[in-house]
Protein chains: 2
Amino acid sequence: MYISDRVRPSCTECPIRHRAVCARCDEDELAILDNIKSYKSFKAGEPILWRGDELTYLASIVSGVGSLGKTMEDGRIQMVGLLFPSDFIGHPGRAQIEFDVVAVTDVTLCCFKRKPFEDLVASTPHVAQRLLEMALDELDAARDWMVLLGRKTAREKIATFIEMLIRRQSLSDPSSEALKVVLPLTREEIASFLGLTLETVSRQLGAMKKEGILHFSDRRQFEVADFDALHIATGDDADGGPLF
Amino acid sequence: MYISDRVRPSCTECPIRHRAVCARCDEDELAILDNIKSYKSFKAGEPILWRGDELTYLASIVSGVGSLGKTMEDGRIQMVGLLFPSDFIGHPGRAQIEFDVVAVTDVTLCCFKRKPFEDLVASTPHVAQRLLEMALDELDAARDWMVLLGRKTAREKIATFIEMLIRRQSLSDPSSEALKVVLPLTREEIASFLGLTLETVSRQLGAMKKEGILHFSDRRQFEVADFDALHIATGDDADGGPLF
DNA sequence: ATACATATTTGATCTAAATCAATGCAGCTG
DNA sequence: CAGCTGCATTGATTTAGATCAAATATGTAT
């Protein structure tokens, strides 16, 4: 199975502190980060930030899964990203956030005070470069997701989503059995992520179960029994770029 | 009408050289950039880069309009961005490009040799920071576009697209009459950008003409006669974030 | 002008997925 | 254990937009 080494190669380094950012930091820089950090926890379902909120902190996810999304005036929701451990929240250099951040499962964040963090970015070129790399990875991932939203069928969306979950799960826990998948999201949340409705998600998962591609042990837990069929169903070519 | 000052505020500065990157460069840095730059031109319709191409240059658009997109195995195409003057092509720190770049109109690029450009980024913190800002702007724009692709109706997509064009046109040419729009794209290209088919694009434009929202002087040129109606049709709230 | 290629419009039909509407199934709580 | 409450499935129906199919401009080359 294809696992990208391009997506946040540093995310298993520096496991205790703030993995995403500090990959190349020396002890002095780590000390600064430690000084301005604090941990915060959120229960599943709780909003973390709302569109337009003033950002006094930037944060990186320590544990749990969050979502980044936008709600339209009439209530339609589109998720634009899932936040896994080591993912970053907030833009250095921006005082506001443009999207809603919600805790999907219980979430723990490592928060950095914005002002001193930005000072560190300004005075430490390799941190700026690391953040640039991360932003560019996310930009590519967002664009791949645009292809999914604009052109893929329901089946292809679901298959792609499952492949992405597998990739992210084995990245954050390389010891885990690769083909056992735990869905952190409800059908409705999956639907908001894929630009579908919850019924369509349910039907497609049901169909893939009936076809023997997935073996469910529970409504939120299954094993991929036929990875080739799953991959073919994504509509991507063999080495299709990594999504998230 | 709402014009964002967040989108590339520097794009009218430094008009002769390479506006996007050099906003804060001093004369020495500009000299380095001048040294490693060269101009290249492409005719409308020509491919500029293909997915997987080795990048020996990074570039910024001087004139014309380009597109960034991905083609699926079976030929389905999704554009993931339009490239206007001052937009940047290629990721510093990446040897390959993940998307197809095509000249939509005749295009002139200002190309920088990759290696020395990356050296400049590494040794010049404010350039890295500028690139980070640009990447984060594009990331927000890409995410807003995900909302469009995942949740908006055909009508909303078209209206949003026209608003975006107005914004970009008046950014690159503030003297232009804001509500006169020249479509640089064919119906088919608009469709690939919006996740629609060309017939649907044609029908929606036709309907907006009949409803008096747009006055066409030519198939590729029209005036927005009723901006409020257009904005309402986007489905965004009043101060809806800037798209591209 | 004539012919040809390329965009565009317009109409008729089809279909994937949305919507509407129950019903089923866990995990909790009292 | 009975009764909620919040997911999840399943079925019937509708519909926005895709697909299929001409017809009509527009532009360019001969």
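This write-up is about the structure you can find in this document. Every value quoted in this text rests on a predicted model; they were computed, and no experiment measured them.

### Quick look at the relation of the copies chain B and chain A
Stage number 1. Between chain B and chain A, the superposition needs a rotation of 180° and an axial shift of 0.0 Å, giving an RMSD of 0.0 Å. Here the two chains are linked by the operation of a two-fold rotation axis.
Stage number 2. Taken as a fraction of all interface residues of chain B, those also at the interface in chain A reach 100%, which identifies the copy contact as same-surface.

### Examining the protein's contact with DNA strand D
Stage number 1. Among the 17 residues in the neighbourhood of DNA strand D, the closest are listed as Arg187(A), Arg219(A), Arg220(A), Ala154(B) and Thr200(B).
Stage number 2. If you look at DNA strand D and keep only atoms within 4 Å of the protein, 66% of those are sugar or phosphate atoms.
Stage number 3. Ser202(A) is positioned with one of its side-chain polar atoms (N or O) 2.9 Å from a phosphate oxygen of DNA strand D.
Stage number 4. Note that a base nitrogen of DNA strand D is positioned 2.9 Å from one of the side-chain N or O atoms of Arg203(A).
Stage number 5. Taken together, the elements giving at least two residues each to the surface near DNA strand D come down to helix H6 (198–210) of chain A together with helix H6 (198–210) of chain B.
Stage number 6. Split into classes, the residues belonging to the surface near DNA strand D amount to three nonpolar, six polar and eight charged.

### A few points about the sheet that holds strand E1 (residues 37–42) of chain A
Residues and elements named next belong to chain A.
Stage number 1. Read across the open sheet, the four strands follow the order E1-E8-E3-E6; overall the sheet is antiparallel. Each edge of the sheet is formed by a strand with only one pairing partner; in this case those strands are E1 and strand E6 (88–89).
Stage number 2. The pairing of E1 with strand E8 (residues 107–113) spans six bridges and is antiparallel. Within E8, the position partnered with Lys 40 by the bridge is Leu 109.
Stage number 3. Docked against the sheet, helix H2 (residues 114–123) engages strand E3 (57–63), E6 and E8, running at close to 70° with respect to E8.

### A few points about the protein's contact with DNA strand C
Stage number 1. Taken together, 17 residues lie around DNA strand C, and Thr200(A), Arg187(B), Ser202(B), Arg219(B) and Arg220(B) are the ones closest in.
Stage number 2. Restricting the count to atoms of DNA strand C within 4 Å of the protein gives a sugar and phosphate share of 61%.
Stage number 3. Here a base nitrogen of DNA strand C and a side-chain polar atom of Glu199(A) are 3.1 Å apart.
Stage number 4. Going through the elements one at a time, H6 of chain A together with H6 of chain B are the ones with two or more residues in the surface near DNA strand C.

### Focus on the packing of aromatic side chains
Residues and elements named next belong to chain A.
Stage number 1. In the structure shown here, the tally under the stated rule is 10 aromatic pairs over all chains.
Stage number 2. Judged by centre distance (4.6 Å) and plane angle (25°), the rings of Trp 145 and Phe 193 are stacked. Of the two residues, Trp 145 is situated in helix H3 (residues 125–151) and Phe 193 in helix H5 (residues 187–194); the sequence distance between them amounts to 48 residues.
Stage number 3. Given a relative accessible area of 0%, Trp 145 falls into the buried group.
Stage number 4. Feature note: the residues Phe 88, Phe 112 and Phe 117 constitute an aromatic cluster, connected by ring pairs.
Stage number 5. Over the ring of Phe 99 we find Lys 70; its NZ or CZ atom is 4.6 Å from the centre of that ring.

### Re the nonpolar core
Stage number 1. Phe117(A), Phe161(A), Ile162(A), Phe117(B), Phe161(B) and Ile162(B) are the most contacted members of the largest nonpolar core, which has 152 residues in total.
Stage number 2. For Ile162(A), the residues in contact, after removing those within four places along its chain, are Leu205(A), Leu214(A), Phe222(A), Val224(A) and Leu230(A).

### Looking at the pattern of salt bridges
Stage number 1. Enumeration according to the criterion identifies 32 salt bridges over all chains in this entry.
Stage number 2. Residues Asp34(A) and Lys37(A) are paired through a salt bridge, measuring 2.9 Å at the closest nitrogen-oxygen approach.
Stage number 3. Look at Asp34(A) and you get partly exposed, because its relative accessible area is 24%.
Stage number 4. Using a relative accessible area of 23% as the deciding quantity, one classes Lys37(A) as partly exposed.
Stage number 5. Arg51(B) is the salt-bridge partner of Asp237(A), the closest N and O atoms lying 3.8 Å from each other. Here Asp237(A), found in the segment after helix H7 (227–234), pairs with Arg51(B), found in the loop between strand E2 (47–49) and strand E3 (57–63), and the two come from separate chains.
Stage number 6. Arg51(B) gets classed as partly exposed once you look at its relative accessible area, which sits at 25%.
Stage number 7. One salt-bridge network, in which partners are shared between bridges, spans Asp74(A), Arg76(A) and Glu156(B).

### As for the interface of chain B and chain A
Stage number 1. The interface is formed by 49 residues belonging to chain B together with 49 residues belonging to chain A.
Stage number 2. At the boundary of chain B with chain A, total buried surface from both sides reaches about 4700 Å², with 58% on carbon and sulfur atoms.
Stage number 3. The largest per-residue losses of area from chain B upon contact with chain A belong to Arg143(B), Met146(B) and Arg151(B), which jointly make up 17% of the total buried on that side.
Stage number 4. Inspection of the region where chain B meets chain A yields 12 salt bridges.
Stage number 5. At the boundary of chain B with chain A, the tally comes to 22 residue pairs in polar contact (both at pLDDT 80 or more).
Stage number 6. For the side of chain B that touches chain A, the secondary structure elements donating two or more residues are strand E4 (66–71), strand E5 (77–83), helix H3 (125–151) and helix H5 (187–194) of chain B.
Stage number 7. Counting residues per element, the side of chain B that touches chain A draws most heavily on H3(B), at 20 residues.
Stage number 8. Class assignment of the residues belonging to the side of chain B that touches chain A gives a composition of 22 nonpolar, 10 polar and 17 charged.

Reading the values: rules and limits
- Residues numbered from 1 in each chain as written.
- Chains lettered and ligands numbered in written order.
- Predicted model: local features only at pLDDT ≥ 70, side-chain atom pairs only at ≥ 80, totals over all residues.
- Heavy atoms only, no water.
- Least-squares fit on C-alpha atoms with pLDDT ≥ 70 in both.
- Contact = heavy atoms within 4.5 Å.
- Near = heavy atom within 4 Å.
- Polar contact = N/O pair within 3.5 Å; in protein donor to acceptor, adjacent residues only side chain to side chain.
- Helix = DSSP H or I, 4+ residues; strand = E, 2+ residues; numbered from the N terminus.
- Nonpolar A, V, L, I, M, F, W, Y, C, P; charged D, E, K, R; others polar.
- Pairing = 2+ DSSP bridges.
- Axes fitted to C-alpha atoms, helices over the stretch in contact; angles between N-to-C directions.
- Phe/Tyr/Trp six-rings, centres within 6.5 Å; stacked < 30°, edge-to-face > 60°.
- Buried < 20%, exposed > 50% of the residue type's maximum accessible area, 1.4 Å probe, protein only.
- Lys NZ or Arg CZ within 6 Å of the ring centre and 35° of its normal.
- Core = buried A, V, L, I, M, F, W, Y, C linked by side-chain atoms within 4.5 Å.
- Salt bridge = Lys/Arg side-chain N within 4 Å of Asp/Glu carboxyl O.
- Buried area = accessible area lost by both parts, 1.4 Å probe.

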